[in-house]
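# Structural overview
The residues making up each chain are set out below.
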Amino acid sequence: MSSALLQVEGLTAGYGAAPVLHDVNLSVQPGEIVAVLGANGAGKTTLLRTLSGLVRTTGGRVVFNGEDLKGTKVEQMVRRGIAHVPEGRGVVTELTVDENLRLGGLWRRDQADAKRALDEVYELFPALAQRRASAGHQLSGGERQMLALGRALVSGPKLLLLDEPSLGLAPKITAQIMALLRDLQKKKGLAVLLVEQNVRSALSIADEGVVLALGRVVTRNKAAALRDDADLRHAYLGF
Amino acid sequence: MNQFVYLTFDGLSRGAVYAAFALALVLIWRAARIVNFAQGAMAVAAVYVAYSVTSATGSYWLGFVAALVAGLALGVIVERVVMRFVDHSSPLNGVVVALGLVLVIQGVLGIVYGSEFHPVETPFSRDAFEIGGIALLSRYDLFVFAAVGAVVASLTLLFTRTPIGLRMRAAAFAPDVSRLLGVSVGGMLTLGWALASAVGSLAGMLVVPTELGLHPTAMDVVFISAFTAAVVGGLDSPIGAVTGGLIVGLLLSYVSGYVEPTVAPMAVLLLLVVVLLGKPGGLFSSSKARVA
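This one's a predicted model, so the numbers in the text were calculated from it and none came from an experiment. Here the residue numbers are simple positions, counted from 1 along each chain's written sequence. Lettering for chains starts from A, numbering for ligands starts from 1, and both go in the order in which the items are written. In view of the model being predicted, local features appear only for residues whose pLDDT reaches at least 70, and side-chain atom pairs are presented and counted only at 80 or more, with totals across whole chains, interfaces and linings using the full set of residues.

## Comments concerning the interface of chain A and chain B
The contact criterion used is a C-beta to C-beta distance within 7 Å, with each C-beta placed from the backbone. Taken residue by residue, the interface counts 20 residues in chain A and 15 residues in chain B. Segments assigned H or I by DSSP are reported as helices when at least four residues long, segments assigned E as strands when at least two residues long, and all are numbered from the N terminus. Elements supplying a minimum of two residues to the side of chain A that touches chain B: helix H2 (74-80) and helix H3 (97-105) of chain A. With five residues, H2 of chain A is the largest single contributor of residues to the side of chain A that touches chain B.

Next up, the structure:
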């Protein structure tokens, strides 16, 4: 267990007095895709926001890459190797595609690394390369998701926190994005903590799944086992 | 015709200063969504610093630099000590705090420097060159154009060509996302206030010698013109601020020349009302209507 990239132990967190997450335990190994599943309001988004420091932790601990993240500021997370693509994608619509992508690499000391990462992202998403100078608000939903993902990749993460990448996208584009995540996992060893409503897509690429209900972990298991567990699917996942 | 040409040049040189001042308002609006009603008082404070330095050293330019430095510092202090703690749940809160700040700054200046008018020198002659019998521009007017032009050009370069400018824009548009990407949003906000306050101080340095002189309330009327300029331009747009400044300058000049100097400030207020009623987003704004 000590080799885990991300180790979450007894995490309790929330807004104001009422906690949203209760005693959450999970881990992500290097290069592993873990899907976080559950109904609306289960605490999936809050979990990601807590991990990246946007929501305050009230109990438990988060260890990333051997370091306790307690007290780490949101601005520092990207320097540790955590890239969070928030719900709704977080494309800065007033900035151009190129500016959005460059924003991902600004934290790096060595700007040559940032430039290399930027070029790689343009290779990965030729559609973005063609729209370098377009403003974010001119992009389609799928392009925005690619941009948000691309920007996270420019920041050179070890772990990607991905919130509902399929939201509002056509099934074909969702499938492309899932395939891309699997590619990144294979080629770069990128670990992903994937929050999804679209359980089938998520379990199709995940190694492991964590099911949340009302802010508590009800099940952690291999993705294949979750797919085959009819009772669980009916009870928590709705298919 | 001669009068028209004269008034046009006069209006443009006044307008350039309003443009710089409106730019300061736009900078803070873009960074913090606050209309900084204390901008005028902050600028006067910086001009008083210049006045002290120039009186002590005899050098206008040392005073000029001191005003810009004081402007930067005052921007940092106002943001860190006051504005950071304003509750943003209602847009009026920031306005009320800024108005309170005006009273505090003007009160302190009155205590320190007294409330009489101090004449302020200009670095260049204000005697206009005459071409074909029409007084067009003075050396000082040219200095004003050059200074405002330099500010507009440097701000444009800063925001569009540098990493720090990209950070500032991102932090203003999407604070949470920017923090996730490692941008120090609080730092960018402070920097925005500092820059805006320095630009406001420059405008103060340029305009005070052309008005009655230095006084704690010297910028009050100028502020109204500059605010109108910023609103005409749409508060969000630097190009709009500059254009708005020139429009207000021309309006003041034409009304003073053709109608009556005493009604010129009323014409500015009328323009403000007309723009707010007819096109509340400003002539250059692409965003939705503002709430404050």
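Back to the write-up after that little detour.
## Things to note about the packing of helix H4 (residues 111-124) of chain A against helix H6 (residues 141-154) of chain A
Residue and element names in this part refer to chain A. Where H4 contacts H6, the two axes come as close as 9 Å, and the packing angle between them is 150°. By the criterion of interaxial angle, the relationship of H4 to H6 is roughly antiparallel. Where H4 crosses over H6, the handedness of that crossing is right-handed. Within the contact between the two elements, H4 uses Ala 114, Ala 117, Leu 118, Val 121 and Leu 124 and H6 uses Gly 150, Leu 153 and Val 154. Comment: axis = line fitted to C-alpha atoms, over the contacting stretch for helices; angle = value between 0 and 180 degrees taken between N-to-C directions. Should an angle lie under 35 degrees it is considered roughly parallel, over 145 roughly antiparallel, and from 65 to 115 roughly perpendicular; all remaining angles are considered oblique. In a left-handed crossing the near helix is turned counterclockwise from the far helix by less than a right angle, and in a right-handed crossing that turn is clockwise.

## Here's the deal with the packing of helix H9 (residues 220-233) of chain B against helix H11 (residues 264-278) of chain B
Residues and elements named next belong to chain B. Relative orientation of the contacting elements H9 and H11 amounts to 30°, with a least axis distance of 10 Å. If you check the angle between H9 and H11, you find them roughly parallel. As for the relative orientation of H9 and H11, their crossing is left-handed in sense. Every residue of H11 that contacts H9 at Val 221, Ile 224, Ser 225, Thr 228, Val 231 and Val 232 is listed here: Pro 265, Val 268, Leu 271, Leu 272, Val 275 and Leu 276. A breakdown of the residues in the contact of H9 with H11 according to their chemical character gives 10 nonpolar, two polar and no charged. Gly counts as polar in this scheme, as do all residues outside two lists: the nonpolar Ala, Val, Leu, Ile, Met, Phe, Trp, Tyr, Cys and Pro, and the charged Asp, Glu, Lys and Arg.

## Here's the deal with the pairing of strand E10 (residues 216-222) of chain A
Bridge count between strand E9 (residues 208-213) of chain A and E10 of chain A: six bridges; the pairing is antiparallel. Looking across to E10 of chain A, one finds that Val 210 of chain A is bridged to Arg 220 of chain A. In this description, strands pair whenever DSSP reports at least two bridges between them.

## Things to note about the sheet that holds strand E2 (residues 18-28) of chain A
All names here are of chain A. If you walk across this open sheet you meet the four strands as E2-E1-E4-E5, and the pairing is antiparallel. A strand with exactly one partner marks an edge of an open sheet, and here the two such strands are E2 and strand E5 (67-68). Where strand E1 (residues 6-15) lies against E2, seven bridges are found, and the strand directions are antiparallel. Within E2, the residue paired with Val 8 across the bridge is Leu 26.

## Topic: helix H3 (residues 60-82) of chain B
Residue and element names in this part refer to chain B. A rise of 1.5 Å per residue sets the reference length of H3, with its 23 residues, at 33 Å; its end C-alpha atoms lie 31 Å apart and thus fit the reference within 8%. Exposure is read from a count of other C-beta atoms within 10 Å of each residue's own; the residue is exposed at 12 or fewer, buried at 20 or more and partly exposed in between. C-beta atoms are placed from the backbone. Looking at H3, one finds that the buried residues are Gly 63, Ala 66, Ala 67, Ala 70, Gly 71, Leu 72, Leu 74, Gly 75, Val 78 and Glu 79. Against the buried residues of H3 lie helix H2 (39-57), helix H4 (91-113) and helix H8 (185-207). What a helix is expected to span follows from its residue count: subtract one and scale by 1.5 Å.

## So, the sheet that holds strand E8 (residues 191-195) of chain A
Residues and elements named next belong to chain A. Spatial ordering of the open sheet is given by E6-E7-E8-E3-E9-E10, a layout of six strands whose pairing is mixed. Strands with a single pairing partner mark the edges of an open sheet, and in this sheet they are strand E6 (82-85) and E10. With strand direction ignored, the average angle separating the axes of adjacent strands in the sheet is 15°. Note that strand E3 (residues 33-37) and E9 share four bridges and pair parallel. Along E9, the bridge assignment pairs Val 36 with Val 210. Against the sheet, helix H1 (residues 44-51) engages E3, E6, strand E7 (159-163), E8 and E9, with an angle of about 145° to E7.

## As for unusual backbone geometry
The backbone of Arg 89 of chain A shows a phi angle near 80°, a positive value even though the residue is not glycine. Examined against the element boundaries, Arg 89 of chain A turns out to sit in the loop between E6 and H3. Accessibility expressed as a C-beta count within 10 Å gives 23 for Arg 89 of chain A, which makes it buried. The phi dihedral of Leu 235 of chain B falls on the positive side, at around 60°, and the residue is not glycine. Mapped onto the elements, Leu 235 of chain B comes out in the loop between H9 and helix H10 (238-259). Exposure remark for Leu 235 of chain B: the 26 C-beta atoms within 10 Å place this residue in the buried category.

## Points about the domain arrangement of chain A
Residues and elements named next belong to chain A. Boundaries of every domain are those given by an automatic assignment or by a domain database. Once the domains are mapped, chain A shows domain 1 (1-81 + 159-172 + 191-239) and domain 2 (94-157). Relative placement of domain 1 and domain 2: their C-alpha centres are 25 Å apart. Across the contact, eight residues belong to domain 1 and seven residues belong to domain 2. Considered class by class, the residues forming the side of domain 1 that touches domain 2 number five nonpolar, two polar and one charged.

## Quick look at H4 of chain A
Residues and elements named next belong to chain A. Compared with the 20 Å implied by 1.5 Å per residue over 14 residues, the 20 Å span of H4 between its first and last C-alpha is a close match. Listed in full, the buried residues belonging to H4 are Ala 114, Leu 118 and Val 121. Down the axis of H4, the sector holding all buried residues measures 60°, keeping them to one side. Every exposed residue of H4 that faces more than 90 degrees away from the buried side is listed here: Ala 112, Asp 119 and Glu 123. Along its buried surface, H4 packs onto H3 and H6. Here the arc refers to the set of directions running from the helix axis out to each C-beta atom.

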